[in-house]
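Structural features, examined
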Amino acid sequence: MGLDPSIVKELIRITDEERVLLSLDERYTYAFDASFGTYLPDVVVFPQSATEIAEIMKLANREQIPVTPRGGGTSLSGGPLPVAGGIVLAMTRMNKLLRIDRDNLIAFVEPGITTAELQREAEKAGLFYPPDPSSSNVSTIGGNLAENSGGPHGLKYGVTKHYVIGLEVVTPQGEIIRTGGMTVKNVTGYDLTSLIVGSEGTLGIITKAVLRLIPKPPARKALMAIFDEIVDSGRAISGILKNGILPAKLEMMDQASIRAVENYQPSGLPLDAAAILLLEVDGHPAAVDEEIRKAAQICRQYAAREVRLAADEAERAELWKARKLVSPAISQVKPTKISEDATVPRSKIPEMLERLRQIREKYQLHLVVFGHAGDGNLHPNIIADSRDRDEMKRVEEAVAEIFKAAVELGGTLSGEHGIGTMKPAFMEMELGSAGLDMMRRIKQAWDPNNILNPFKIFPQPGQTRVVLTE
Ligand SMILES: Cc1cc2nc3c(=O)[nH]c(=O)nc-3n(C[C@H](O)[C@H](O)[C@H](O)COP(=O)(O)OP(=O)(O)OC[C@H]3O[C@@H](n4cnc5c(N)ncnc54)[C@H](O)[C@@H]3O)c2cc1C
């Protein structure tokens, strides 16, 4: 359809010519994320300040043009897809680390900084920013805040929301507001910071964040426990947590993910194992020694046939490298990867593993399970081929059953990837109609013209399933 030339002219006036992309090939680059669907924006704009964004939002409201904020584009749920066309606000040029305040253990950042860069800068200051999505080299803090992203550290240290104490936000109607502040404690009025975090770019555009840092743990040790039955690995997770150990990371890989990694890049993983657990403890060196010894003992009690302790830092790094290889490795099996993150209470992990096995058999799909098992956030991934329509239909049904199983076990549709375009049809199943309606009313109050990131989170009339076939 394209934008009226007068609007393009105004966007160029607000920013400059070089920061407004109009050609088809450039716009096409912003039509994807790491999930499904291709939606071409009419224009891509790179703002450099909150003031510019406020002006763009006022223009968008006046002209009724949809606006979609975008960070690194690594979303697995469709969050940055410009479903209704319009303007993509690419936040990647607002990427400065503004300041690390060592006295108050906080960092001031612009939203386009990558997660990994913030982690590196915190380390240089002897501090630690724990949220660690596996996409950290590409994902941005703005995207992490909007999705409330987690990662392996979530088990002990929590997720992004636990490290944000203040935000600067441009509202959908173009006001610049500040939420929270610089103090760890703050109960002045409604907690708008928490409302914006996890709102998937539908309530406001984050233009600055004040993030909490913590002292860097002085020591860490890791182990791999090998199991002949996947259900035993699930029981061992509960066993470890019940026995007073809180690992910094506790990850699981099933046989299919072990084999995929070994095929892709041999890493010394046991090919005949049904599952492995990777566990790391951190803290004071004496406590770390004691905890890793105890964790190994518990794994053996829960039928681990072998426990391998990483002897030094290099071996520890090797263990985690194997875990990081799962995503690229399974992508070699077939071209289409559907990454789910349904999450269950930790005591229900063995039951969820059994439900996933049944779903795999019922739909005859290549379903791989790995992920942040220590916090119940399993990652069932289905590997398929989007050109095979019959297979994709089975995937759609299997995904719906995964959501249903998680909710029936007292869990949730999404532990960290968000709802986006992928899961709206299932929102009512988890929240009930009154709960969902309350969320709609919040959206309506913030964004009466439904300008900001429309067609996300909330189901459209008649939307009853996940749509993977275009
Ligand atoms: C290989 C791989 C591994 C992954 N591992 C993890 C993991 O371990 N844990 C995890 O939680 N996720 C993971 N993800 C998902 C993804 O990386 C996260 O959701 C991440 O936070 C997205 O950040 P981004 O900068 O790429 O945001 P985008 O994908 O660009 O956008 C995500 C959402 O944020 C909104 N947004 C972006 N910037 C702003 C802003 N400044 N203001 C308001 N809204 C904004 C967008 O509108 C969109 O809704 C993984 C993805 C991949 C591809």
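Worth saying up front: this structure is predicted, and the values here are computed from it rather than measured. (Residues numbered from 1 in each chain as written. Predicted model: local features only at pLDDT ≥ 70, side-chain atom pairs only at ≥ 80, totals over all residues. Heavy atoms only, no water.)

Here's the deal with the packing of aromatic side chains
Under the defined criterion, the tally for this structure stands at 5 aromatic pairs. Arranged with centres 5.4 Å apart and planes meeting at 90°, the rings of F128 and Y157 form a pair that is edge-to-face. A residue pair is termed long-range when its members are at least 10 positions apart, and F128 in strand 7 (residues 127-128) and Y157 in helix 6 (residues 154-157) qualify at 29 residues. Neither F128 nor Y157 differs from the other in exposure class; each is buried. Summarising the aromatic geometry, the rings of Y129 and Y163 are spaced 6.1 Å apart at their centres and angled 75° between planes, so their arrangement reads as edge-to-face. Of this pair, Y129 sits in the loop between strand 7 and helix 5 (141-147) while Y163 is found in the loop between helix 6 and strand 8 (164-170), placing the two residues 34 residues apart along the sequence. The side chain of R93 reaches across the aromatic face of F46, ending 4.7 Å from its centre. Geometry around W320 places K249 over its ring, the cationic atom sitting 4.4 Å from the centre. (Phe/Tyr/Trp six-rings, centres within 6.5 Å; stacked < 30°, edge-to-face > 60°. Helix = DSSP H or I, 4+ residues; strand = E, 2+ residues; numbered from the N terminus. Buried < 20%, exposed > 50% of the residue type's maximum accessible area, 1.4 Å probe, protein only. Lys NZ or Arg CZ within 6 Å of the ring centre and 35° of its normal.)

Focus: the nonpolar core
Residues I338, M352, L378, I382 and V395 are the most contacted members of the largest nonpolar core, which totals 60 residues. Ignoring anything within four residues of it in the chain, the contact list for I338 reads F36, P380, N381, I382, A384, M392, V395, V399 and L468. Counting 26 residues, the second-largest nonpolar core is a separate cluster that includes A125, L145, Y163 and A209. (Core = buried A, V, L, I, M, F, W, Y, C linked by side-chain atoms within 4.5 Å. Contact = heavy atoms within 4.5 Å.)

Focus: the layout of surface pockets
A volume near 1,200 Å³ is recorded for the largest pocket. Along the wall of the largest pocket there are 49 residues; nearest its centre are N148, K161, S194, V197 and G198. A total of 6 residues in the lining of the largest pocket trace back to one element, the largest contributor, which is helix 15 (residues 427-446). Looking at side-chain class alone, the lining of the largest pocket contains 18 nonpolar, 21 polar and 10 charged residues. For the second largest pocket, the calculated volume is near 890 Å³. In terms of lining, the second largest pocket is formed by 46 residues, of which the most central are T74, S75, S135, S139 and S149. For the lining of the second largest pocket, the secondary-structure elements that each account for two or more residues are strand 3 (67-70), helix 5, strand 10 (205-212), helix 11 (313-324), helix 12 (326-331), strand 16 (336-339), strand 17 (366-372) and strand 18 (377-384). (1 Å grid on protein atoms, 1.4 Å probe; cavity = no way out; pocket = protein on both sides within 12 Å on 5 of 7 lines; lining within 4 Å. Points joined across faces, edges and corners; volume = space filled by probe spheres on them. Nonpolar A, V, L, I, M, F, W, Y, C, P; charged D, E, K, R; others polar.)

Side note on the sheet that holds strand 3
Pairing is mixed in the open sheet, where 4 strands are placed in the order 1-2-4-3. Lying at the two open borders of the sheet, with one neighbouring strand each, are strand 1 (20-21) and strand 3. In terms of strand pairing, strand 1 meets strand 2 (residues 43-45) through 2 bridges, oriented antiparallel. Bridged to V20 within strand 2 is V45. Running over the sheet, helix 3 (residues 50-63) touches strand 2, strand 3 and strand 4 (87-90) and is turned about 170° from strand 4. (Pairing = 2+ DSSP bridges. Axes fitted to C-alpha atoms, helices over the stretch in contact; angles between N-to-C directions.)

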